[in-house]
Amino acid sequence: MSRAARQRRQRHNRTGPTRILFVAAIAVAATILIGAIAAIGYVVHITQSSPALASLRPIAGMGSSQVFAADGTSLGFIQANNLSTPVSWSEIPSNLKNATIAIEDQRFYENDGVDITGIFRSAVKDFLNGQALQGASTITMQLVRNLYLGNDQHTIKQKIQEAKLAIEYNKHHSKHAILTAYLNSVAYGTVGGQTALGVQAAARIFFDKPVWELDLAQSALLAGLPQAPSQYNPILDPSAARQRRNEVLTKMAQLHYITTAAEEHAQAAPLQVKLGDFYSQRLENFFFEYVREKLIERYGANTVAEGGLKVYTTINLKMQRLARKAIATVLNEHEDPAAAVVTLNPANGDIEAMAESESYEHSQYNLAADGHRQPGSTFKAIDLADALSRGVDPSSTNYFSHTLEPGWLTGYPTYEVKTFEGTSLDRSINLVQATLASDNTVYAQLAADLGESTITQTAYKMGVKTHLSSYPAEALGGLTLGVTPLEMADVYATLADGGWRNSPIAITKVVFPDSHVDTSWGTPHRVRALSEAVTAEETSILEQNVQSGTATRSAINCPTAAKTGTTSELVDAWLDGYTPDFSTVVWMGYPNKRVSMTDVHGEPQQGGYLPAEIWHDYMASVTEGKPCVPFPEAKETISYEPFFGKFATTGASEAARQAQLSEASEHHKKKSQHSQSGHGTGGSPGGGGNGGATTEPSAPAETHVGAEPGAATPTPGTPGGPQASSPGSGGNSGGSGGGAGQG
């Protein structure tokens, strides 16, 4: 082989491996380049396909929904899965801010929302350990995830989306704003099924104190929780929580946020964990639940559960205390019945008081708003309003007060109405006198002359919401389903406000997380139900009832008007009254079972007794120190017209009146035995029967009308709540009926 050939072979042998390595290097470089291009293309694709920050809305409201009284006092928080109370930058301790930066994102103030160094280091670590992509999320990335994306899926796609949103978010917000938002939204752990979102909720839950009172050790403990809230939960695993806290303290010292001495002192400190009940404490539980139900009715359960609402209500805490004090002072014995008090502002319908004797711990049933009870003779205020509206003169319209034997009302042979304890006035009296005596026999005849259907419509106009059936005994309070104290407070508020009915208002406004304010809640819904002349005349009569009728015990030093009510067998007792500024209803009875109040504080109970005393004590306290407001005089008058009812004596000749008296006398001589216990009363034409009607005595010196022994017996209603009347078996139509009313 020639020398030249050998040299060529040697050069070939030397360059062969080099060429291979060179080619391989080129291939690897090309692969990396292609991979890089593909990766860049993937990133660009994800970035371009991801929605812009401006198009996104927060996943959930910021903060727990909080309810406030009329004076701004917090009534508590609506319970939800997440607990949160946002706080400002100045309220968060510096140690907590620094601890969070040290353990979560030490280059927070230098990066643009994304930490490239941290991402690369985390990616390499995850690749070498064969783990899914995790870690490396900056505070800003975690914030946009919490606000807009939801949970961490540990995928490259989500990390890219987080990075894009974080860079954009960082451009439009200061570092202080970003850190504040993060500290108000990140999850710190779950206790009792409720997750603490934000540092304030965490401080309240784990240390039972506001966040601004946290010391260094407590701040470090909280800062360490977001990485693994369940693993480091100090209540579930104190040892892991201590180890994590000390890790945070060490990191703070390394970054010169604290001194070594401070680090060592804090690491030696106990955990100081104290489970708090800040979010479970509530004032005025019954009213609070009433408000929550109203919110759900309008906004839906999801919106209320998401939180962030600020709910401002009408409740007056001073009046609440005075109402409960009045109840407790009067009903001060262990076996006493329960009582409920409702006060409305007649001018706008605001619910200013909704109190009861029952404790929320023993019964969650709201007697004031949900307790359907027989209203007794308080319902006569509706009858009287209907009569006045139709031009019936209460002073010259007379009825013969006497026992109405079965058969007195055509078509309803079992309907019987008796006076108190079976006695009879046996004389003609006008409607004013009948109201002051709470005479059921007169009002039963009046209702028959007016027609029950018109009384039903008047009841609806004045504020009754519960369904009525237009049975005769409904005019005397013998209702199938009963009514609530709140409904009756609305009825009497209509009288107090000159005939304007205002729907009861519990909420004045609701502020949403985005600062939108719904003020429609507090806008009065005023409807003209009665004329001013009618309400002025009725108020004059009911004012006389306080001065010399059945409601004398309720009298205070200022002008008031009121009507009493007691149902058959003394099961329910009411005092419904008003001033120009307040409409207040007091109900008394046993909520869970039908019990006759025959011996409460040594005497049978009717609306004019203990309920009237509760009304007096409460309203005397409410009006104390305030100038008395007289009832306004009407600017218009009623145009009375002669009323020729079947039973009324208005306009009748003396001979006709004497004939009626003679006929009534014959009825008594027959000693009719038609009254049967458990039988209902006859209904109005086309309707069924109802429970027998009764009235109540007023002052002991007078002759009063009262309970009928044959009234239908109500049965217990909702467990834990008041009774609803059972169907009776009265009238041709076999209609239903409930316990009837007394005076």
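For the structure itself, consult the block above.
Only a predicted model underlies this, so the values are computations on that prediction, with no experimental measurement involved.

Novice: Is there a simple way to think about the overall build of the protein chain in this case?
Specialist: Check the secondary structure of the protein chain and you find 22 helices and 18 strands. A burial count over the protein chain gives 54% of its 743 residues as buried. Of the contacts made within the protein chain by residues no fewer than 6 positions apart, 73% connect residues no fewer than 24 positions apart. With an accessible surface of roughly 31,700 Å², the protein chain has 54% of that area assigned to carbon and sulfur atoms.

Novice: Hey, could you run me through a nonpolar patch on the surface in this one?
Specialist: On the surface, Ile 235, Leu 236, Val 273 and Leu 275 cluster together into a nonpolar patch covering about 350 Å² of accessible area. The residue Leu 275 is located in the loop between helix H10 (260-268) and helix H11 (285-299) in this model.

Novice: Can you help me understand the nonpolar core in this one?
Specialist: Inside soluble globular proteins, nonpolar side chains tend to come together where they are buried. In terms of nonpolar packing, the biggest core is built from 90 residues, with Leu 295, Met 354, Tyr 415 and Val 510 touching the most fellow members. With eight residues, the top contributor of residues to this core is helix H19 (residues 485-496). Core analysis: the second largest hydrophobic core is formed by 55 residues, Ile 101, Leu 147, Ile 178 and Ala 201 among them.

Novice: Hey, could you run me through the environment of Ser 280 in this one?
Specialist: Positionally, Ser 280 belongs in the loop between H10 and H11. Residue classification places Ser 280 among the partly exposed positions, given a relative accessible area of 48%. Considered as a pair, Ser 280 and Gly 76 are 204 residues apart in the sequence and their alpha carbons are 7.3 Å apart. There is a polar contact of 3.0 Å between the side chain of Ser 280 and the backbone oxygen of Asp 277.

Novice: Just to check I follow, could you spell out the sheet that holds strand S4 (residues 187-191) for this structure?
Specialist: The strands that make up a sheet are held in pairs by hydrogen bonds between backbone atoms, and each pair lies either parallel or antiparallel. Ordered by their spatial adjacency, three strands build an open sheet running S3-S5-S4, and the pairing between neighbours is mixed. Each having just a single partner strand, strand S3 (82-83) and S4 make up the two edges of the open sheet. Pairing between S4 and strand S5 (residues 194-197): three bridges, direction antiparallel. Bridge pairing in S5 places Thr 190 opposite Thr 195.

Novice: I keep staring at the sheet that holds strand S1 (residues 66-68) and nothing clicks. Help me out?
Specialist: Spatially, S2-S1-S6-S12-S13 is the arrangement adopted by the five strands of the open sheet, whose pairing is mixed. In the strand order of this sheet, the two ends are held by strand S2 (74-77) and strand S13 (517-518), each with one partner. One ladder, built from two bridges, connects strand S12 (residues 507-511) with S13; its direction is antiparallel. Its bridge partner being in S13, Val 510 is matched across the sheet by Asp 518. Each of S1, S2, strand S6 (310-313), S12 and S13 touches H11; the most contacted strand, S12, lies at about 60° to it.

Novice: Quick question: what am I supposed to make of the state of the cysteines here?
Specialist: A covalent bond between the sulfur atoms of two cysteines is what we call a disulfide. This structure, assessed with the given rule, holds one disulfide. Across the disulfide, Cys 558 is cross-linked to Cys 628 (sulfur-sulfur distance 1.9 Å). Judged by the sign of its S-S torsion, about -70°, the bond between Cys 558 and Cys 628 is left-handed. Placement of Cys 558 in the loop between helix H20 (532-548) and strand S15 (561-567) and of Cys 628 in the loop between helix H21 (610-623) and helix H22 (654-669) is noted, with a sequence separation of 70 residues between them.

Novice: Even after reading the chapter, I still don't get the pairing of S12, so can you show me in this structure?
Specialist: In this sheet, S12 lies alongside S6 in antiparallel orientation, the contact comprising four bridges. Along S12, the bridge assignment pairs Lys 310 with Val 511. Here S12 hands over to S13 after five residues, with Ser 515 in that stretch at a positive phi of 75°.

Novice: It is not clear to me how the pattern of salt bridges should be interpreted in this structure. Could you clarify?
Specialist: Pairs may arise between side chains of opposite charge once their charged atoms sit close together. This model, assessed by the stated rule, comprises 15 salt bridges. With a shortest N-O distance of 2.9 Å, Asp 115 and Arg 107 are connected by a salt bridge. When its relative accessible area of 11% is taken as the criterion, Asp 115 is described as buried. Given the relative accessible area of 27%, Arg 107 is considered partly exposed. Note that Arg 390 and Asp 386 form a salt bridge whose closest N and O atoms lie 3.6 Å from each other. Residue class for Arg 390 comes out partly exposed when judged on its relative accessible area of 38%. Of the residues examined, Asp 386 reaches a relative accessible area of 4% and is grouped as buried. Sharing partners across several salt bridges, the network here consists of Arg 282, Glu 289 and Arg 292.

Novice: Hey, could you run me through the pairing of strand S7 (residues 338-344) in this one?
Specialist: A regular strand places its side chains on the two faces of the sheet in alternate fashion. In terms of burial, S7 is a largely internal element, seven of the seven residues being buried. A two-sided burial pattern is seen for S7, the buried positions comprising Ala 338, Ala 340, Val 342 and Leu 344 on one face and Ala 339, Val 341 and Thr 343 on the other. Two elements, S7 and strand S17 (residues 583-589), share seven bridges in a ladder whose sense is antiparallel. Along S17, the bridge assignment pairs Ala 339 with Met 588. Where S7 folds back on strand S8 (residues 351-356), the antiparallel hairpin that results is connected by six residues, among which Gly 349 adopts a positive phi of roughly 90°.

Novice: Even after reading the chapter, I still don't get the packing of helix H15 (residues 380-389) against H20, so can you show me in this structure?
Specialist: Helix-helix packing: each pair is described by the crossing angle between the helix axes and the interaxial distance. Packing of H15 against H20 brings their axes to within 10 Å, and their N-to-C directions diverge by 135°. Viewed along their axes, H15 and H20 adopt a mutual orientation that is oblique. Both H15 and H20 take part in a crossing whose hand is right-handed. Contacts between H15 and H20 involve Ala 381, Leu 384, Ala 385, Leu 388 and Ser 389 from the former and Val 534, Glu 537, Glu 538 and Ile 541 from the latter. Considering only residue class, the contact of H15 with H20 consists of six nonpolar, one polar and two charged.

Novice: Is there a simple way to think about H21 in this case?
Specialist: Along an α-helix, residues three or four positions apart point the same way, because every turn accommodates 3.6 residues. The terminal C-alpha atoms of H21 lie 20 Å apart, and with 14 residues this matches the ideal 20 Å at 1.5 Å per residue to within 8%. For H21, the secondary structure elements touched by its buried residues are helix H13 (317-330), S7, S8, strand S16 (572-578) and S17. Following H21 by one or two positions, Gly 625 adopts a phi angle in the positive range, close to 80°.

Novice: Looking at this model, I keep getting lost on the side chain of Gln 66. Mind explaining?
Specialist: Structurally, Gln 66 can be placed in strand S1. In terms of polar contacts, Gln 66 uses its side chain to reach the side chain of Ser 74, at 2.9 Å. For Gln 66, the residues in contact, after removing those within four places along its chain, are Ser 74, Gly 76, Phe 77, Leu 309, Lys 310 and Val 311.

Novice: What am I meant to see in the packing of helix H8 (residues 216-223) against helix H9 (residues 238-254) here?
Specialist: Remark: H8 packs on H9, axes separated minimally by 8 Å, with the N-to-C direction vectors making an angle of 105°. Judged by the inter-axis angle, H8 sits roughly perpendicular to H9. Contact residues: H8 offers Leu 216, Ala 217, Ala 220, Leu 221 and Ala 223, while H9 offers Arg 245, Val 248, Leu 249 and Met 252. For the contact of H8 with H9, the residue count by class is eight nonpolar, no polar and one charged.

Conventions used here
- Residues numbered from 1 in each chain as written.
- Predicted model: local features only at pLDDT ≥ 70, side-chain atom pairs only at ≥ 80, totals over all residues.
- Heavy atoms only, no water.
- Helix = DSSP H or I, 4+ residues; strand = E, 2+ residues; numbered from the N terminus.
- Buried < 20%, exposed > 50% of the residue type's maximum accessible area, 1.4 Å probe, protein only.
- Contact = heavy atoms within 4.5 Å.
- Areas by Shrake-Rupley, 256 points an atom, 1.4 Å probe, with all protein chains shown as cover.
- Patch = residues over 30% accessible without salt bridge, like charges linked within 9 Å, V, L, I, M, F, W, Y side chains within 5 Å.
- Salt bridge = Lys/Arg side-chain N within 4 Å of Asp/Glu carboxyl O.
- Core = buried A, V, L, I, M, F, W, Y, C linked by side-chain atoms within 4.5 Å.
- Polar contact = N/O pair within 3.5 Å; in protein donor to acceptor, adjacent residues only side chain to side chain.
- Pairing = 2+ DSSP bridges.
- Axes fitted to C-alpha atoms, helices over the stretch in contact; angles between N-to-C directions.
- Disulfide = S-S within 2.5 Å.
- Parallel < 35°, antiparallel > 145°, perpendicular 65-115°, else oblique.
- Left-handed = near helix turned anticlockwise from the far one by under 90°.
- Nonpolar A, V, L, I, M, F, W, Y, C, P; charged D, E, K, R; others polar.
- Expected span 1.5 Å × (residues − 1).

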